[in-house]
Amino acid sequence: MTPQQLWQASLGELEILLSKPNFNTWFKETFIVSHENNRIIVAVPNAFTKNWLEKKYHPMILKALRNISAEPIKEVIYKVETARQAAQYGHAAFPMPEVEKTPMPITPIPLPSTPETYLSSLNPQYTFEKFIAGKYCELANAAALAVAAQPGEVYNPLFIYGGVGLGKTHLLHAIGHEVLRHSPGKKILFVTCEKFTNDYIQAVRSGKAKEFKEVYRNVDVLLIDDIQFLSSKEGTQEEFFHTFNTLHQTNRQVVITSDRPPKAIPAIENRLLSRLEWGMIADVAAPDLETRIAIVETRAKDKNMTLSPEILNYIATIVHSNIRELEGALNRVNAHFQLSKGGISLEQVKQILSSITATHAKKSISAKQLINIVAEFFNVDIADLLGECRKKELSLPRQITMYLMREELKSSYPMIGSELGGRDHTTAIHAYNKIAKEVEASQKIKQDIDLIRQRIYNI
Amino acid sequence: MKISCTQENLYRGLQVTSHIAGKESGLPILTNVLLKAEGGLITLCSTNLEIGIQCRVRGKAEHDGSVALDARITSEYVSLLPKDRIDIEVSAESVASVQCGTFSTKMKGVVADDFPIIPTIEKKEQTVVKIADIKRAIQNVLFAVKYDESRPELSGVYMAIQEANTLVLAGTDAYRLAELTVPVTKNFAGTKEVIVPLRTLQELARILPDVSETVEIYIHDNQILFCTDEIDLISKTIAGQYPDYKQIIPQNHNTKAVIDIQELTKAVKSSSIFSRAGLNDVTLQFASVSEGKGSLTISASNTTVGEHTVVIPVKMEGGENSVVLNHRYLLDGLSRMQGDQISFAAIDSNSPCVIKSLEDESYLYLVMPIRQ
């Protein structure tokens, strides 16, 4: 066990014994400087902490360390060390260079920021090599690759949409990297919609509209993340519209991501909408189990973890809708994996990830809530939804409710029937089968159902 | 615990200590001040875990003991008491019964056990400075410092005790730099350099009394302690090496002018109205008229407001020159110059300008031009 692990483990024990404010205040930025001859030196950030740990928590700390350490511990000493000094002990990941007496960096007052500053805002982690394209995002991946190979010539604009944590931003960065790899001279601008908006507001406020236009209209590839935030910002929409036109006319590539298809973005002008739908629209759906396993496997390999197929399988099974969560789960397992120096069993993994499974269980909602959500989504009264009327405007939502109750709540058919105004179980079976078929056939219904699902998960 | 003192003394103690208590801390006990009676002395303590303040309150301590009281409530309450004798008795349940004139109050306190221990350092290698001097230094240097998380060493004030029995304070935000040297009345034989957090000096300037006394300074183990008869303020210092700012103070100049402070201030202020918002630029143009005489033209123009030019006669040596400065930075420095006249030395439009008072050599102000 390294000193860091020993200290982390001891902190874990102390955290339970102390109140949260006390723990956070007194154990923040502490670490073990040395562990030699049964003597431990603990670094603390200031003299207050030193005094307090010595006078108040010393017996507790000693006990915790003795409980965990395999070797006997005779003495614990506290010493004020700042992070900078700590670097000398090799505590930091890489040793910091000695601070030399450098001349003062009085820099001339910089004029307002120049465009070059955010030309290289791409995350090096997000490349096509690291993107695992399952069936769920074949189209988006293929389109992104095509765009990266011939920017501005194939699909312009490319519009990628899909739920949270499914890799939209990853694809966006990957396009940027790929283009730069082919032709290093190209100007790539990656911005979030929020940054675009802020820049525009800033430009308007400080009378620098011309500079703003110069920045955005002179790029070869414009990558905009989360465009849905443009909704109901009219001025920014107009500016974006013109920016878009300028780029598009000169065959420069625009790639846009959003969490929903263009049509579903509320309060967006028609002329902009039609432009967003001009090129290629590709969706990224939630990955299937096989893809999830593949993702977990690759990421585990990246982190040098060797996990048994059962564990990979288990992790992929419990997190289903979000790749970010999937990586989060893996990171947690990794932390324990590092601590335990290898061997980790399926039981331990289950234990570590119990909180994830627990939150998922908590998310399960009641039949009443589900009915509410569907009624709200289709904008119909609950009474009508549960009533006898068989108009199409009501029967479809009703059937979707039954389908979702079966899919999401795993209710029995008789149960579904009785929840929806005392219907027969055969009605429920029919509704389920009908919608299941329609989902395959109609994109519209699939989208509706996905949106309702999101609402369910977001409760 | 049982103590008696005057309302004035207790209120003064609370004013000194309660300010740092209870700001942006995660630990609830830190919103309190600690009232302590020990060996006949009454003390008030507060801390935010970076700075610790202890203030001795004149009065009579009959029984030893301590209690932690909410800082804001207590100081507000004591400020409203009549200027009379106050008797405080604290029960075992940490309830303070306060009697003052016809006022009688019971205040709920917290057990003092959880109150952090204010660290102390050994009182050796003493430096003594007049309070008036250290206050002047703080006032003339602190304004140039800006809190910057990415450069912690620049977020504090450089403080150096020199063998020549002087104390130097310097601060910069990388655009301007202020340095003041003050005399030391008593010094150990040696030198010391530390970086003191901005907040510590702000607090020190706030709590030091206005009387012509002295303050003792001790520096050890990354900590600095300021002591007067009544107050102890201890703070951590900022780790790291302060950049060698002496290197950037220009030793030569191409133009050096002697300018009347009031005239210059007025000219810069009037030009500032016409400077561009956000940039705050005013142009200073030096031209020589005859041997030893010159003119300084201060101008600014802004497309929306208009343009403005003032010419003032100056004593000048060296050639023509032109610099563009941020008027705020310039005025910040001018307003702190002693006497009637300053010397203004410039090299070119991209090098720092040096401003000094003619009467007071101890204060130096350096400002960077705006790049054109």
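Residues numbered from 1 in each chain as written. Chains lettered and ligands numbered in written order. Predicted model: local features only at pLDDT ≥ 70, side-chain atom pairs only at ≥ 80, totals over all residues.

A.B. asks: Let's hear about the overall build of chain A: which residues, and what values?
C.D. replies: When you go through chain A residue by residue, the secondary structure sums to 21 helices and 8 strands. Long-range pairs, those at least 24 residues apart, make up 71% of the contacts in chain A between residues at least 6 apart in sequence. (Helix = DSSP H or I, 4+ residues; strand = E, 2+ residues; numbered from the N terminus. Contact = placed C-beta atoms within 7 Å.)

A.B. asks: Before we move on, can you summarise the overall build of chain B with the specific residues and values?
C.D. replies: Check the secondary structure of chain B and you find 6 helices and 25 strands. Per-residue burial over chain B gives 40% buried out of 372 residues. Counting only contacts in chain B whose residues sit at least 6 apart along the sequence, the fraction spanning at least 24 positions is 68%. (Buried ≥ 20, exposed ≤ 12 C-beta atoms within 10 Å, placed from the backbone.)

A.B. asks: Report on unusual backbone geometry, specifying residues and quantitative values.
C.D. replies: Residue Asn156 of chain A is joined to Pro157 of chain A through a cis peptide bond whose omega torsion reads -5°. Position of Pro157 of chain A among the secondary structure elements: in the loop between helix H5 (138-149) and strand S4 (158-162). For Leu49 of chain B, which is not glycine, the phi torsion reads 70° and is therefore positive. Residue class for Leu49 of chain B comes out buried when judged on the 21 C-beta atoms lying within 10 Å of it. Look at Glu125 of chain B: it is not a glycine, yet its phi comes out positive at around 55°. Here Glu125 of chain B falls in the partly exposed class, since 15 other C-beta atoms lie within 10 Å of it.

A.B. asks: How would you sum up the sheet that holds strand S3 (residues 75-80) of chain A? Please name residues and give values.
C.D. replies: Sheets are built from strands that pair by backbone hydrogen bonding, the pairs being arranged parallel or antiparallel. Residue and element names in this part refer to chain A. Spatial strand order, S1-S2-S3: 3 strands in an open sheet with mixed pairing. The sheet is open, and its two borders are formed by strand S1 (31-36) and S3, each paired with just one other strand. Ignoring which end each strand starts from, the neighbouring axes of this sheet average 20° apart. As paired strands, strand S2 (residues 39-44) and S3 are joined by 6 bridges and run parallel to one another. Residue pairing for S3: Ala43 is matched across the bridge by Lys79. Sheet strands touched by helix H3 (residues 47-68): S2 and S3. Its angle to S3, the strand with the most contacts, is close to 155°. (Pairing = 2+ DSSP bridges. Axes fitted to C-alpha atoms, helices over the stretch in contact; angles between N-to-C directions.)

A.B. asks: Just give me the short version of the packing of helix H16 (residues 367-378) of chain A against helix H21 (residues 443-457) of chain A, but keep the residues and values in it.
C.D. replies: Residues and elements named next belong to chain A. One can describe the packing of H16 onto H21 by two numbers: an axis separation of 10 Å at closest approach and a directional angle of 135°. The orientation of H16 with respect to H21, classified from their angle, is oblique. As for how H16 packs across H21, the hand of that crossing is right-handed. Of H21, the residues touching H16 (which contributes Leu370, Ile373, Val374 and Phe377) are Ile452, Arg455 and Ile456. Looking at the contact of H16 with H21 residue by residue, the class counts come to 6 nonpolar, no polar and 1 charged. (Parallel < 35°, antiparallel > 145°, perpendicular 65-115°, else oblique. Left-handed = near helix turned anticlockwise from the far one by under 90°. Nonpolar A, V, L, I, M, F, W, Y, C, P; charged D, E, K, R; others polar.)

A.B. asks: With reference to specific residues and values, describe the environment of Leu62 of chain A.
C.D. replies: The residue Leu62 of chain A is located in helix H3 in this model. C-alpha of Leu62 of chain A to C-alpha of Ser10 of chain A: the two residues are 52 residues apart in sequence and 9.3 Å apart in space.

A.B. asks: Please provide a residue-by-residue account of the pairing of strand S19 (residues 281-290) of chain B, values included.
C.D. replies: Residue and element names in this part refer to chain B. The pairing of S19 with strand S22 (residues 321-326) spans 6 bridges and is classified as antiparallel. From the neighbouring strand, Asp281 faces S22, where its bridge partner is Asn326. Two strands pair when backbone bridges link them, and S19 and strand S20 (residues 293-302) are joined in this way by 7 bridges, in the antiparallel orientation. Among the inter-strand pairings, Phe286 is bridged to a residue of S20, identified as Leu296. Taking the residues that link successive antiparallel strands as the turn, the S19-S20 hairpin has 2 residues, and the phi of Gly292 there is positive, at about 80°.

A.B. asks: How would you summarise the nonpolar core if you had to cite specific residues and measurements?
C.D. replies: Grouped together as the largest cluster of nonpolar side chains are 103 residues, with contacts concentrated most on Val33, Ile53, Val141, Leu169 and Val367 of chain B. Ignoring anything within four residues of it in the chain, the contact list for Val141 of chain B reads Val157, Leu169, Ala170, Gly171, Ala178 and Leu180 of chain B. The next biggest cluster of nonpolar side chains, apart from the first, holds 67 residues, and it includes Leu158, Ala174, Tyr200 and Val215 of chain A. (Core = buried A, V, L, I, M, F, W, Y, C linked by C-beta atoms within 7 Å.)

A.B. asks: Describe H3 of chain A, with residues and values.
C.D. replies: Along an α-helix, a turn takes 3.6 residues, which lines up residues three or four apart on a common side. With 22 residues, H3 of chain A should reach 32 Å at 1.5 Å per residue; the first-to-last C-alpha distance of 27 Å falls well below that figure. Taken as a whole, H3 of chain A has its buried residues at Ala47, Phe48, Thr49, Lys50, Trp52, Tyr57, Ile61, Ala64 and Leu65 of chain A. (Expected span 1.5 Å × (residues − 1).)

A.B. asks: Lay out the environment of Gln338 of chain A in plain terms, naming residues and giving numbers.
C.D. replies: If you trace the backbone, Gln338 of chain A turns up in helix H13 (residues 323-339). In this structure, the C-alpha to C-alpha distance between Gln338 of chain A and Asn304 of chain A, residues 34 residues apart in sequence, is 10.0 Å.

A.B. asks: I'd love a proper account of the environment of Leu312 of chain A, names of residues and values included.
C.D. replies: Residues and elements named next belong to chain A. By the element assignment, Leu312 lies in helix H12 (residues 309-318). Here the alpha-carbon distance between Leu312 and Val349, two residues 37 residues apart in the chain, equals 9.9 Å. Leaving out residues up to four positions away in the same chain, Leu312 has contacts with Ile293, Val296, Glu297, Ala300 and Leu307.

A.B. asks: If you had to explain the sheet that holds strand S5 (residues 188-192) of chain A to someone new, which residues and values would you point to?
C.D. replies: All names here are of chain A. The 5 strands lie next to each other as S5-S6-S7-S4-S8, forming an open sheet whose pairing is parallel. Here the strands that pair on one side only, and so sit at the sheet edges, are S5 and strand S8 (280-284). Going from strand to strand, the sheet's axes swing by 15° on average, the running direction of each strand aside. Sheet topology places S4 next to strand S7 (residues 253-258); 4 bridges connect them, and they run parallel.

A.B. asks: Describe the packing of H5 of chain A against helix H6 (residues 168-182) of chain A, with residues and values.
C.D. replies: All names here are of chain A. Between H5 and H6, whose axes approach to 9 Å, the crossing angle comes to 25°. Classified by the angle their axes make, H5 and H6 are roughly parallel. In this structure, the crossing between H5 and H6 has a hand that is right-handed. When H5 is examined against H6, the residues Ala140, Ala144, Val147 and Ala148 are found in contact with a partner set consisting of Leu171, Ala174, Ile175, Glu178 and Val179. Split by residue class, the contact of H5 with H6 holds 8 nonpolar, no polar and 1 charged.

A.B. asks: I'd love a proper account of the pairing of strand S3 (residues 41-47) of chain B, names of residues and values included.
C.D. replies: Residue and element names in this part refer to chain B. In terms of residue burial, S3 counts as a mostly covered element, since 5 of its 7 residues are buried. Here 5 bridges tie strand S2 (residues 32-38) to S3, and the two strands are oriented antiparallel to one another. Within the sheet, the bridge partner assigned to Ala37 lies in S3 and is Ile42. Joining the antiparallel neighbours S2 and S3 is a turn of 2 residues, in which Gly39 adopts a positive phi near 55°. Where S3 and strand S4 (residues 51-57) come together, 6 bridges link them in antiparallel fashion. Its bridge partner being in S4, Cys45 is matched across the sheet by Gln54.

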